[in-house]
Amino acid sequence: MKYIDEYRDGRLAKDIARQIAAAVDPARSYYFMEFCGGHTHAISRYGLEDLLPANVRMIHGPGCPVCVLPIGRIDAAIALAMRPEITLCTYGDLMRVPGSNGSSLLKAKAAGADIRMVYSTLDALKIAEAEPNREVVFFAIGFETTTPPTALALRAAIARQLPNFSIFCNHVLTPAAIQNILESPDVRKLGTIKIDGFIGPAHVSTVIGTEPYEFFAEEFQKPVVVAGFEPLDVIQAVLMLVHQVNDGRHEVENQYIRAVTALGNEKAQNEVARFFELRESFEWRGLGEVPYGALRLRPEYAQYDAEKRFSMVTPAAKDNPACECGAILRGVKKPADCKLFGTVCTPDTPMGSCMVSSEGACAAHWTYGRFREKARTQDEGRAVA
Amino acid sequence: MNVAIKAYKRKLDITNGRVDLSHGAGGRAMGQLIEGIFHKAFDNEWLRAGNDQSAFSVPGGRMVMTTDGYVVSPLFFPGGNIGTLAVHGTINDIAMAGAVPLYLSASFIIEEGFPLADLERIAESMGAASREAGVPIITGDTKVVERGKADGVFISTAGVGMVPAGLDLRSDAARPGDAVIVSGSIGDHGVAVMSKRENLEFDTDIVSDSAALHGLVAAMVEAGGQHIRLMRDPTRGGIAATLNEIAHQSKLGFHIDEEAIPLKPEVAAACEFLGLDPLNVANEGKLVVVVAPEGAEAVLAAMQAHPLGAEAALIGHAVADDHCFVQMATSFGGGRIVDWLSGEQLPRIC
């Protein structure tokens with residue numbers, strides 16, 4: 001595959017791995033957080049950790065929009081979908097996300113709710129046009145990457161004067177969440193491990209650019225390297241971070257120059273700004289309330305806002321108290337440190353946010369990496385013997 | 001921590017639970033449904049063996065019987081339709097016992113309003129497929145249900161066959177050191193079907209690999225039948241599900257090599273675009289065979305000499321492993337687990 005295989009070249013990866021091994025200071029450790037679930041997925045799927053020196057550790061951050069959607073919002077969507085006049089349209093990987101008491105959109109569908117999986121916002125619009133007697137609600141979710149398509153759907157709905165189309169907005173924002181990882185009440189409660197730098201999300205930055213991270217890098221004195229999702233992108237970003245740490249720099253660097261600029265896609269940003277405004281606070285599953293961490297429709301588009309149109313309420317619902325997602329998302333604990341991991345909490349029976357989508361830290365570790373626990377324990381066993 | 005992790009299984013909630021799509025997706029949920037309802041109700045030694053068919057003794061040898069239901073959407077796809085699939089799939093289930101398929105039955109559940117022209121097209125291609133395979137459809141059944149109670153047409157086929165004397169393939173027969181061979185490129189069928197799904201149409205030249213494999217199996221048995229431990233056709237759940245099933249039934253693990261697995265660039269590209277892992281994507285004309293090391297070369301050569309096994313490749317080996325992990329050396333130079341699919345394979349949001 002042209003433009004894909006080039007970024008999965010094992011020989012080149014080994015060469016960069018050798019450069020990392022030569023660059024790292026053996027007397028210290030390097031802790032890097034990849035914020036985005038796409039990076040987590042790439043690291044696990046290609047076994048990237050096997051190529052890194054033992055003193056370079058990747059911490060899997062909260063960057064999966066499906067994972068961070070709180071239970072209450074899923075419950076609210078299910079309650080809406082159960083209303084007879086409603087057709088709820090949603091992206092596929094939301095279907096399995098657990099709500100309260102083991103519920104999910106998949107189960108609600110089986111129980112008779114009209115829930116349809118779509119591949120784009122425009123598919124939902126088509127349904128609204130084709131079935132004027134149904135109230136079609138698009139369950140919008142995602143980071144800055146998927147917000148512009150939702151804005152475009154809204155623009156099209158207004159232009160076509162579609163009276164039966166609305167949006168349940170759950171769009172969330174990346175910079176606010178990264179800040180929350182380092183500075184929030186939970187950090188004081190859980191403690192935090194040292195994070196030496198961040199791999200910034202690539203697709204998000206195609207929209208917002210690298211500039212929004214400048215303040216963050218300066219304020220928290222942490223280097224950020226915006227990187228693509230191919231494994232070579234990620235390992236190159238690690239090398240760039242190692243160099244920054246060794247040099248005592250804390251800059252925003254752009255590894256993903258083939259798609260990301262400093263200012264991003266201003267047309268998309270303007271489109272989003274036209275239809276959406278900041279929420280003062282929004283709950284992220286596993287992180288709690290994140291100030292200015294999400295978007296809602298502007299008041300002038302209230303008739304397209306499903307929350308207002310159908311007087312939706314978000315029930316208060318909590319994760320299993322034994323769930324360690326908050327600590328895992330901040331890098332304080334690893335997936336295997338959680339008592340629920342692999343026992344009651346698996347990708348088939350997810351309990352916490354990190355296990356919900358394949359891009360979550362626990363799901364990625366369970367699906368691709370849990371054999372490493374075995375090897376580690378065997379090594380420890382031999383050391384004890 | 002205790003590494004002997006045993007995945008928790010939520011019990012089937014018979015009182016309040018409902019069948020959802022994950023129960024038909026070839027993953028753990030489906031296994032749980034089969035075990036919790038059908039195996040419990042039908043319990044016998046043949047079902048407990050966990051094969052896609054059952055061999056049993058009759059005067060004059062060992063016989064194989066299998067049955068399967070086909071509910072594919074769309075009904076017509078590049079390289080076949082639900083009817084050809086119903087013929088090939090059932091023949092292949094028999095062939096995976098190393099057996100010679102003899103006869104098929106076909107049962108149709110048709111939705112009121114279904115176009116007769118489509119039904120004829122399906123039936124004619126089924127007839128052609130069975131004649132080409134030399135396995136006649138000798139009995140059948142037809143039911144029509146009200147509009148809205150079926151998705152066009154559902155087909156069930158059953159088949160019987162005879163196992164050659166001296167051959168006894170068992171699902172728990174794999175041993176550490178055995179070779180794992182796949183008969184050709186993976187994921188072709190799943191991608192061909194997905195390319196024609198509503199809302200997901202994309203341009204691709206990929207056609208389904210749907211084919212009857214008993215001829216290929218006969219060549220393999222002739223070349224090294226005494227060394228073949230077991231065979232499987234990796235349909236729903238792809239080769240990931242197949243290898244995990246074998247690993248758990250034989251109580252061992254597998255080490256496979258990503259670079260050795262045949263994969264068409266177009267299939268790889270489509271999977272990339274859809275966010276799917278080709279190891280989880282369905283096949284309908286491929287098989288996975290586990291062979292004792294001393295017979296691997298002969299079986300592989302026999303496969304490559306057959307048109308349906310021309311791209312056959314040795315992709316790895318069985319290893320002793322209490323955890324029954326299927327591990328893969330990635331083309332990138334790292335390692336990972338190849339796990340069962342969790343629920344239904346759904347496209348990721350980003």
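What this report covers is the structure whose coordinates are included nearby. (Residues numbered from 1 in each chain as written. Chains lettered and ligands numbered in written order. Predicted model: local features only at pLDDT ≥ 70, side-chain atom pairs only at ≥ 80, totals over all residues. Heavy atoms only, no water.)

1. Side note on the overall build of chain A
Then comes step 1: Along the backbone of chain A there are 16 helices and 11 strands.
Then comes step 2: What you see for chain A is a C-alpha radius of gyration of 21 Å, in line with the 21 Å of a compact globule of 385 residues.
Then comes step 3: If one aligns the C-alpha atoms of chain A with their principal axes, the spans along those axes are about 70 × 45 × 45 Å.
Then comes step 4: The buried share of chain A, reckoned over its 385 residues, is 59%.
Then comes step 5: A separation of at least 24 residues holds for 77% of the contacts in chain A among residues at least 6 apart in sequence. (Helix = DSSP H or I, 4+ residues; strand = E, 2+ residues; numbered from the N terminus. Rg over C-alpha atoms; globule rule 2.2 N^0.38 Å. Buried < 20%, exposed > 50% of the residue type's maximum accessible area, 1.4 Å probe, protein only. Contact = heavy atoms within 4.5 Å.)

2. Observations regarding the overall build of chain B
Then comes step 1: Of regular secondary structure, chain B possesses 9 helices and 14 strands.
Then comes step 2: Taking 20 Å as the expected radius of gyration for a compact globule of 350 residues, we find that chain B reaches 20 Å, a close match to that expectation.
Then comes step 3: Its C-alpha atoms put chain B at 55 × 55 × 45 Å along the principal axes.
Then comes step 4: Looking at chain B as a whole, 53% of its 350 residues are labelled buried.
Then comes step 5: Considering only contacts in chain B between residues 6 or more positions apart, those separated by 24 or more positions represent 82%.
Then comes step 6: Total accessible area on chain B stands at roughly 15,600 Å², and carbon and sulfur atoms take up 53% of it.
Then comes step 7: Taking the 26 positively charged and 43 negatively charged side chains of chain B as two groups, their mean positions are separated by 8 Å. (Areas by Shrake-Rupley, 256 points an atom, 1.4 Å probe, with all protein chains shown as cover. Lys, Arg positive; Asp, Glu negative; His and termini not counted. Charge placed at Lys NZ, Arg CZ, Asp CG, Glu CD.)

3. Details of the pattern of salt bridges
Then comes step 1: Counted under the stated rule, the structure contains 35 salt bridges over all chains.
Then comes step 2: The partner of Glu253 of chain A in a salt bridge is Arg249 of chain A, and the shortest N-O contact between them spans 3.3 Å. (Salt bridge = Lys/Arg side-chain N within 4 Å of Asp/Glu carboxyl O.)

4. Some words on unusual backbone geometry
Then comes step 1: Going from Ser73 of chain B to Pro74 of chain B, the amide bond is cis rather than trans, its omega being 0°.
Then comes step 2: Mapped onto the secondary structure, Pro74 of chain B falls in the loop between strand 2 (61-70) and strand 3 (76-77).
Then comes step 3: Although it is not a glycine, Ser311 of chain A sits at a positive phi angle of roughly 45°.
Then comes step 4: Along the chain, Ser311 of chain A turns up in the loop between helix 13 (306-309) and helix 14 (325-329).
Then comes step 5: Its identity as a non-glycine residue notwithstanding, Cys324 of chain B has a phi of 55°, on the positive side.
Then comes step 6: With respect to the helices, strands and loops of the structure, Cys324 of chain B is situated in the loop between strand 12 (313-319) and strand 13 (326-329).

5. Considering the environment of Asn320 of chain A
Residue and element names in this part refer to chain A.
Then comes step 1: Examined against the element boundaries, Asn320 turns out to sit in the loop between helix 13 and helix 14.
Then comes step 2: The class of Asn320 is partly exposed, set by a relative accessible area of 27%.
Then comes step 3: It is 6.8 Å that separates the C-alpha atoms of Asn320 and Met351, two residues lying 31 residues apart in sequence.
Then comes step 4: Sequence-distant contacts of Asn320, defined by excluding residues within four places in its chain, comprise Leu340 and Met351.

6. Things to note about a negative patch on the surface
Then comes step 1: A contiguous patch of negative charge, built from Glu183, Glu211, Glu214, Glu218 and Glu219 of chain A, is present on the exposed surface.
Then comes step 2: Within the secondary structure, Glu219 of chain A is located in helix 10 (residues 212-220). (Patch = residues over 30% accessible without salt bridge, like charges linked within 9 Å, V, L, I, M, F, W, Y side chains within 5 Å.)

7. Examining the nonpolar core
All names here are of chain A.
Then comes step 1: Counting 55 residues, the largest nonpolar core has Leu88, Leu94, Leu105, Phe138, Phe139 and Phe165 as its most contacted members.
Then comes step 2: Setting aside residues no more than four positions away along its own chain, Phe165 makes contact with Ala124, Leu125, Ala128, Val136, Phe138, Ala153, Ala157, Tyr304 and Arg309.
Then comes step 3: The next biggest cluster of nonpolar side chains, apart from the first, holds 48 residues, and it includes Val68, Phe143, Leu182 and Ile328. (Core = buried A, V, L, I, M, F, W, Y, C linked by side-chain atoms within 4.5 Å.)

8. Some details on the packing of helix 1 (residues 10-23) of chain A against helix 11 (residues 231-247) of chain A
The angle between the axes and the distance between the axes are what describe a pair of packed helices.
Residue and element names in this part refer to chain A.
Then comes step 1: Relative orientation of the contacting elements helix 1 and helix 11 amounts to 15°, with a least axis distance of 10 Å. By the angle between their axes, helix 1 is roughly parallel relative to helix 11. In the packing of helix 1 onto helix 11, the handedness of the crossing is left-handed. Only Leu232, Ile235, Gln236, Val238, Leu239, Val242, His243 and Asn246 of helix 11 make contact with helix 1, whose side of the interface consists of Leu12, Ala13, Ile16, Ala17, Gln19, Ile20 and Ala23. (Axes fitted to C-alpha atoms, helices over the stretch in contact; angles between N-to-C directions. Parallel < 35°, antiparallel > 145°, perpendicular 65-115°, else oblique. Left-handed = near helix turned anticlockwise from the far one by under 90°.)

9. What to know about a nonpolar patch on the surface
Then comes step 1: Side chains of Ile14, Ile34, Ile37, Phe38 and Phe42 of chain B sit close together on the surface and give an oily, nonpolar patch of about 450 Å² of accessible area.
Then comes step 2: Look at Phe38 of chain B and you get partly exposed, because its relative accessible area is 40%.

10. Section: the sheet that holds strand 2 of chain B
Where strands meet in a sheet, backbone hydrogen bonds hold them as pairs that are either parallel or antiparallel.
Residues and elements named next belong to chain B.
Then comes step 1: The 5 strands lie next to each other as 1-2-7-5-6, forming an open sheet whose pairing is mixed. Here the strands that pair on one side only, and so sit at the sheet edges, are strand 1 (54-58) and strand 6 (137-145). The average angle at which neighbouring strand axes cross in this sheet is 20°, direction not considered.
Then comes step 2: Summarising the sheet, strand 1 and strand 2 pair through 5 bridges and their orientation is antiparallel. Across the sheet, Val58 pairs through a bridge with Gly61, a residue of strand 2. (Pairing = 2+ DSSP bridges.)

11. Regarding the packing of aromatic side chains
Then comes step 1: Considering all chains together, one arrives at 10 aromatic pairs over all chains under this definition.
Then comes step 2: Relative to Phe32 of chain A, the ring of Tyr30 of chain A lies with its centre 6.2 Å away and its plane at 45°, an arrangement referred to as tilted. Phe32 of chain A shares its class with Tyr30 of chain A; the two are buried.
Then comes step 3: Here the aromatic residues Phe35, Phe143 and Trp284 of chain A are joined through ring pairs into a cluster of three or more.
Then comes step 4: It is Arg28 of chain A that lies over the ring of Tyr30 of chain A; its NZ or CZ is 4.5 Å from the centre.
Then comes step 5: The ring centre of Phe76 of chain B lies 3.9 Å from the NZ or CZ of Arg121 of chain B, which sits over that ring. (Phe/Tyr/Trp six-rings, centres within 6.5 Å; stacked < 30°, edge-to-face > 60°. Lys NZ or Arg CZ within 6 Å of the ring centre and 35° of its normal.)

12. A short note on the sheet that holds strand 1 (residues 30-36) of chain A
All names here are of chain A.
Then comes step 1: Ordered by their spatial adjacency, 5 strands build an open sheet running 2-1-7-8-9, and the pairing between neighbours is parallel. If you trace the sheet from one side to the other, it starts and ends with strand 2 (56-63) and strand 9 (252-254), each paired once. Across the sheet, the mean angle separating the axes of adjacent strands is 25° when strand polarity is ignored.
Then comes step 2: By the bridge criterion, 4 bridges tie strand 7 (residues 197-201) to strand 8 (residues 224-227) in an arrangement that is parallel.

13. Notes on the pairing of strand 3 (residues 86-90) of chain A
All names here are of chain A.
Then comes step 1: The element strand 3 is extensively covered by neighbouring structure, given that 5 of its 5 residues are classed as buried.
Then comes step 2: The alternating pattern of strand 3 places Ile86, Leu88 and Thr90 on one face and Thr87 and Cys89 on the opposite face, and all of these are buried.
Then comes step 3: Here strand 3 pairs with strand 4 (residues 115-117) via 3 bridges, running parallel. Bridge pairing links Thr90 to Met117 in strand 4.

14. As for helix 1 (residues 28-42) of chain B
Then comes step 1: Between its terminal C-alpha atoms helix 1 of chain B stretches 20 Å, which fits the 21 Å expected from 15 residues at 1.5 Å a residue.
Then comes step 2: Glu35 of chain B marks where helix 1 of chain B bends most, by close to 30°.
Then comes step 3: Along helix 1 of chain B, the positions that sit buried rather than exposed are Arg28, Ala29, Met30 and Leu33 of chain B.
Then comes step 4: Elements in contact with the buried residues of helix 1 of chain B: helix 15 (361-369) of chain A. (Expected span 1.5 Å × (residues − 1). Bend = angle between axes of the 7 residues up to and from the residue.)

15. Looking at the environment of Phe216 of chain A
All names here are of chain A.
Then comes step 1: Positionally, Phe216 belongs in helix 10.
Then comes step 2: The class for Phe216 is buried, based on a relative accessible area of 4%.
Then comes step 3: Counting along the chain gives 16 residues from Phe216 to Gly200, while the straight-line C-alpha distance between them is 11 Å.

16. Details of helix 15 of chain A
Then comes step 1: Most of helix 15 of chain A sits inside the fold, with 9 of its 9 residues counted as buried.
Then comes step 2: What helix 15 of chain A keeps buried is the set Ala361, Cys362, Ala363, Ala364, His365, Trp366, Thr367, Tyr368 and Gly369 of chain A.

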